[in-house]
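Each chain, written out:
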Amino acid sequence: MTKQTSLEAITEERLQKLERLRQQGFNPYPNRYRRSHTASEAVALLGTQEAAGTEERGEVSVAGRVTARRDMGKISFIDLRDGSGKIQLLCSNALGEEARRVLKEIDIGDIIGASGKVFRTRTKEPTIETTDIVMLAKSLRPLPEKWHGLADVDKRHRQRYLDLIANPGVKEIFETRSRVIAKVRQFMNRRGFIEVETPVLQPEAGGALARPFVTHHNALDQDFYLRIALELHLKRLIVGGLERVYEIGRIFRNEGLSHKHNPEFTMLECYQAYADYRDVMKLVESMVAGVCRKTRGSLTAQFVGHEINFKPPWKRLDLREAVKSFSGIDYAECPDAASLGNAMVKIGMTVDPNKDRGRLIDELISTYVEPNLVQPTFLVDYPRDMSPLAKNRPDNDRVVERFEAFAGGMEIANAFTELNDPGEQRRRFREQVAGRSAHTEGEEWTIDEDYLEALEYGMPPTGGLGVGIDRLVMLVTGQESIREVILFPQLRDKP
């Protein structure tokens, strides 16, 4: 019998059980069930009663998914799992007639409710001596691989609900993700930042060098971009007098897939008036260390065979010196894309002739520098042609006050002393658009004129920051792939 035929046979058998339940007057999908305790609360109640020395055992009603069933003559044992954990049910003569009829039709994977008194078996297993059972949702398909875990990575990501059912550790990852976001939000609120929401649909794609997704607004008969950054709208709020703002939001970039990249991801961006990138460095290391300590109970995390220590202060490296040290190329001696590309070819790299100088430097960073930055590190002071939104260093107009933070061999944060000179900003936007249009045939790159107008009203000196929430969760939970920390990652169509 093939796997498909076997699955069809199991489904048919379960459909027959479903029909029998209905014929006997049972609703296999009732509207509600009142449970008095979760599985863990029922176990805790038993422990409290045992500690008090009382012989009377408490009555509980629990609900959850059947994960195992063991029939032993007139007695059946069922493992019931809910969001809090597992508890065993003992089904014996204490069941009423209707409950016994329901018991006959129960399969692994069904969601049931059960009532009875908690006790401990001779093997010390917390158990409910069940007096009533109710079918709450009949499962028409078997759990994956007979409940021994779902190992097929592609299936895990496409059918996350099965992954969560079959692999309890996955639930822990996403519970930790929720705690990480909550702690980030708590940290920002305590620092006096206010949380805001900015548009997902935007008339101009700005705030980052990334290819956008495009959609059409029918009522307005206008194309919009899904945002590639939160930056420009948040800085409009700085202009408006909200001096500390942040947003935790989804970002959309129409680019590649990898273990570190997903086209849809979550970003924290924050902006602080009267601060610069040095102030933001302190904020980043303090925030990440605090999040790690509060979610893990420690300042360290295990990631790809390394113990990463987030204790501040983090190491700081000059970007030019780091690239020169790891690759042998001094990009300051290569003033344009052609000369830098030639230098890269000489060390064995394949160079895309459509990339501008800034993107070639970024490729040097990702190839030679980034993999070596395992412990938390700031790369500081970037060339201006990589950073059109950052302010020049006062002593060097070819270098801007920008840093990127790395840990575990990947970038986790990016920050600037924000450019607030509207004339200089317009000039850089024009350079950026001209450069991108020259290297991306058929794509139109535009300038956000409304943002430039906002700058003309005056924006105070400002420090800005973007933190990749997904990558931060990867580090805290020790996951090597971004798909393991996003509930529903983008995937290629099945062949």
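Residues numbered from 1 in each chain as written. Predicted model: local features only at pLDDT ≥ 70, side-chain atom pairs only at ≥ 80, totals over all residues. Heavy atoms only, no water.

(A) The overall build of the protein, seen in detail. Helix and strand counts for the protein stand at 14 helices and 19 strands. By principal-axis analysis of the C-alpha atoms, the protein measures approximately 85 × 55 × 50 Å. Just so you have it, the protein exposes about 24400 Å², and 49% of that area is on carbon and sulfur atoms. Taking the average location of the 72 positive side-chain charges in the protein and that of its 74 negative ones, the two points are 6 Å from each other. (Helix = DSSP H or I, 4+ residues; strand = E, 2+ residues; numbered from the N terminus. Areas by Shrake-Rupley, 256 points an atom, 1.4 Å probe, with all protein chains shown as cover. Lys, Arg positive; Asp, Glu negative; His and termini not counted. Charge placed at Lys NZ, Arg CZ, Asp CG, Glu CD.)

(B) The side chain of Arg-402, seen in detail. Structurally, the position occupied by Arg-402 is in strand E17 (residues 396-407). Taking relative accessible area as the criterion, Arg-402 reaches 8% and is therefore assigned buried. Side-chain polar atoms of Arg-402 contact the side chain of Glu-404, separated by 3.2 Å. In terms of polar contacts, Arg-402 uses its side chain to reach the side chain of Asn-414, at 2.9 Å. (Buried < 20%, exposed > 50% of the residue type's maximum accessible area, 1.4 Å probe, protein only. Polar contact = N/O pair within 3.5 Å; in protein donor to acceptor, adjacent residues only side chain to side chain.)

(C) Molecular detail of the nonpolar core. The biggest cluster of nonpolar side chains holds 49 residues, and the ones touching the most others in it are Val-184, Met-188, Leu-268, Phe-310, Phe-403 and Leu-465. Once residues lying within four places of it in the same chain are set aside, the contact partners of Leu-268 are Val-184, Met-188, Tyr-246, Glu-247, Ile-248, Met-287, Leu-465, Gly-466, Val-467 and Ile-469. (Core = buried A, V, L, I, M, F, W, Y, C linked by side-chain atoms within 4.5 Å. Contact = heavy atoms within 4.5 Å.)

(D) Up close: the sheet that holds strand E9 (residues 222-226). Read across the open sheet, the 3 strands follow the order E7-E9-E8; overall the sheet is antiparallel. Whereas interior strands pair on both sides, the edge strands pair on one side only; in this sheet they are strand E7 (201-202) and strand E8 (214-217). With 4 bridges joining them, E8 and E9 adopt antiparallel strand pairing. The residue of E9 that forms the bridge with His-217 is Gln-222. (Pairing = 2+ DSSP bridges.)

(E) Expanded view of the environment of Gly-408. If you trace the backbone, Gly-408 turns up in the loop between E17 and strand E18 (410-417). Taking the C-alpha atoms as reference, Gly-408 lies 9.4 Å from Gln-302; in sequence the two are 106 residues apart. Those residues in contact with Gly-408, other than ones at most four positions away along the chain, are Phe-303, Ile-308, Leu-373, Val-374 and Leu-475.

(F) Main features of the packing of helix H6 (residues 168-190) against helix H8 (residues 277-296). Look at H6 against H8: their axes get within 9 Å of each other, and the N-to-C directions meet at 135 degrees. Classified by the angle their axes make, H6 and H8 are oblique. For the pair H6 and H8, the crossing hand works out as right-handed. Contacts between H6 and H8 involve Arg-179, Val-180, Lys-183, Val-184, Gln-186, Phe-187, Met-188 and Arg-190 on the former and, on the latter, Leu-283, Ser-286, Met-287, Val-291, Lys-294 and Thr-295. Tallied by class, the residues present in the contact of H6 with H8 amount to 7 nonpolar, 3 polar and 4 charged. (Axes fitted to C-alpha atoms, helices over the stretch in contact; angles between N-to-C directions. Parallel < 35°, antiparallel > 145°, perpendicular 65-115°, else oblique. Left-handed = near helix turned anticlockwise from the far one by under 90°. Nonpolar A, V, L, I, M, F, W, Y, C, P; charged D, E, K, R; others polar.)

(G) How the structure looks around the pattern of salt bridges. One pass over the full model with this rule turns up 41 salt bridges. Where Arg-160 meets Asp-163, a salt bridge forms, and the shortest distance between an N and an O atom there is 2.7 Å. Linking Arg-160 with Asp-163, this pair stays in helix H5 (residues 160-166), spanning 3 residues, or about one helical turn. Classification of Arg-160 as buried rests on a relative accessible area of 1%. (Salt bridge = Lys/Arg side-chain N within 4 Å of Asp/Glu carboxyl O.)

(H) Just the side chain of Ser-76, in detail. Looking at where Ser-76 falls in the secondary structure, it is placed in strand E2 (residues 75-82). Its relative accessible area of 6% is what places Ser-76 among the buried residues. Within the structure, the side chain of Ser-76 is placed 2.4 Å from the side chain of Asp-71, a separation counted as a polar contact. When residues no more than four places from it in sequence are discounted, the contact partners of Ser-76 are Arg-69, Arg-70, Asp-71, Leu-89, Leu-90, Cys-91 and Leu-103.

(I) Inspection of the pairing of E2 at higher detail. A large share of E2 lies buried, amounting to 6 of its 8 residues. Judged from the 7 bridges that link them, strand E1 (residues 59-72) and E2 form a sheet pairing that is antiparallel. Residue pairing in the sheet places Val-66 in a bridge with Leu-80 of E2. Linking two consecutive strands that pair antiparallel, namely E1 and E2, is a turn of 2 residues; a positive phi of about 70 degrees is found at Gly-73 within it. Inspection of the sheet shows E2 paired to strand E3 (residues 85-91) by 7 bridges, in the antiparallel sense. Across the sheet, residue Asp-79 finds its bridge partner in E3, namely Gln-88. As consecutive antiparallel partners, E2 and E3 are separated by 2 residues.

(J) Local environment of a nonpolar patch on the surface. Taken together, the side chains of Leu-164, Leu-487 and Phe-488 present a nonpolar region at the surface, about 270 Å² in accessible area. By the secondary structure assignment, Leu-164 is in helix H5. (Patch = residues over 30% accessible without salt bridge, like charges linked within 9 Å, V, L, I, M, F, W, Y side chains within 5 Å.)

(K) Main features of the sheet that holds E3. Read around the barrel, 5 strands follow the order E1-E2-E3-E5-E4 and close on themselves; strand pairing throughout is mixed. Neighbour to neighbour, the strand axes of the sheet diverge by 50 degrees on average, direction disregarded. Contacting E1, E2, E3 and strand E5 (126-137), helix H3 (residues 97-104) crosses the sheet at an angle of about 75 degrees to E5.

These results come straight from atomic positions and should not be treated as a statement about function.
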